[in-house]
Amino acid sequence: MDFAKLRNVVVGLAIGVVAGIGGYTFIYARGYSYMTDDPQACVNCHVMREQYDGWINSSHRSVATCNDCHTPAGAVGKYVTKARNGFWHSFYFTTGRFPEPIRITGHNREVAEQSCRKCHSELTESIEGPHRQAGASSCLRCHDTVGHRTRK
């Protein structure tokens, strides 16, 4: 067998192995559920149970799902954020290298902050006034448990 044919076989085999393992992992971990807006997807991983239970008991349950607060507006931003978070959540959960209790990242905190401001714009504008300085106030600094009342 010449080198080109051998290389094609090895590349094909590698792609098949990666696709097979990836497909199995996607199905086993219910990866398809993360493409929906169903909050049940957030508890596929047991470390999110406390946050989900907190959301169930919060006032936001009747007006917002996880994606409303934790992904940016628009399909591209939403699915890029979901893909990014899904990869890192899978990595940290698989390796067991996540802090207890879990913590929100800086990027995801900013997404949540902007979601607060989008839904509550009249209130935040009246509090801050027309001369708001960027970064001068934060909804989440005082209201970090509103969306899902977790124990602190």
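Throughout this document, residue positions are counted from 1 along each chain, in the order its sequence is written. The model is predicted, so local features are restricted to residues of pLDDT at least 70 and side-chain atom pairs to those at 80 or more, both for listing and for counting; the totals for chains, interfaces and linings are taken over all residues. Side-chain metrics rest on all non-hydrogen atoms present in the structure, leaving aside hydrogens and water.

Novice: An account of the packing of aromatic side chains is needed here, citing residue identities and associated values.
Specialist: Stacked, edge-to-face and tilted labels apply to pairs of Phe, Tyr and Trp rings (six-membered ring for Trp) whose centres lie within 6.5 Å, assigned for plane angles under 30 degrees, over 60, and everything in between, in that order. Inspection of the entire model under this criterion finds five aromatic pairs. Taking the centre distance of 5.3 Å and the plane angle of 75° together, the rings of F91 and Y92 count as edge-to-face. Three labels apply to residues, based on accessible area from a 1.4 Å probe with only protein chains included: buried if under 20% of the type maximum, exposed if over 50%, partly exposed otherwise in between. Taking the relative accessible area as the measure of exposure, Y92 reaches 34% and is therefore partly exposed.

Novice: Before we move on, could you go through the environment of D144 and cite the residues and values that matter?
Specialist: Where helices and strands are cited, they refer to DSSP runs of H or I of at least four residues and of E of at least two residues respectively, numbered from the N terminus. Summarising the element assignment, D144 is placed in the segment after α7 (139–143). Separated by 30 residues in sequence, D144 and Q114 have C-alpha atoms that sit 13 Å apart.

Novice: Lay out helix α2 (residues 49–56) in plain terms, naming residues and giving numbers.
Specialist: Residues of α2 that are buried: Q51, Y52, G54 and W55. Looking down the long axis of α2, one finds its buried residues gathered within 160° of arc, a one-sided arrangement. By construction, the arc corresponds to the directions joining the helix axis to the C-beta atoms.

Novice: Any chance you could break down the pattern of salt bridges for me, citing the residues and the numbers?
Specialist: Each reported salt bridge corresponds to a side-chain nitrogen of Lys or Arg within 4 Å of a carboxyl oxygen of Asp or Glu. Taken as a whole and judged by the stated rule, the model has three salt bridges. Here D37 makes a salt bridge to K78, at a shortest N to O gap of 2.7 Å. Pair noted here: D37 is in the loop between α1 (3–28) and α2 and K78 is in helix α4 (residues 75–95), with a separation of 41 residues, a long-range link. With relative accessibility at 40%, the residue D37 sits in the partly exposed group. Across the pair R117 and E113 runs a salt bridge, and its minimum N-O distance is 3.0 Å.

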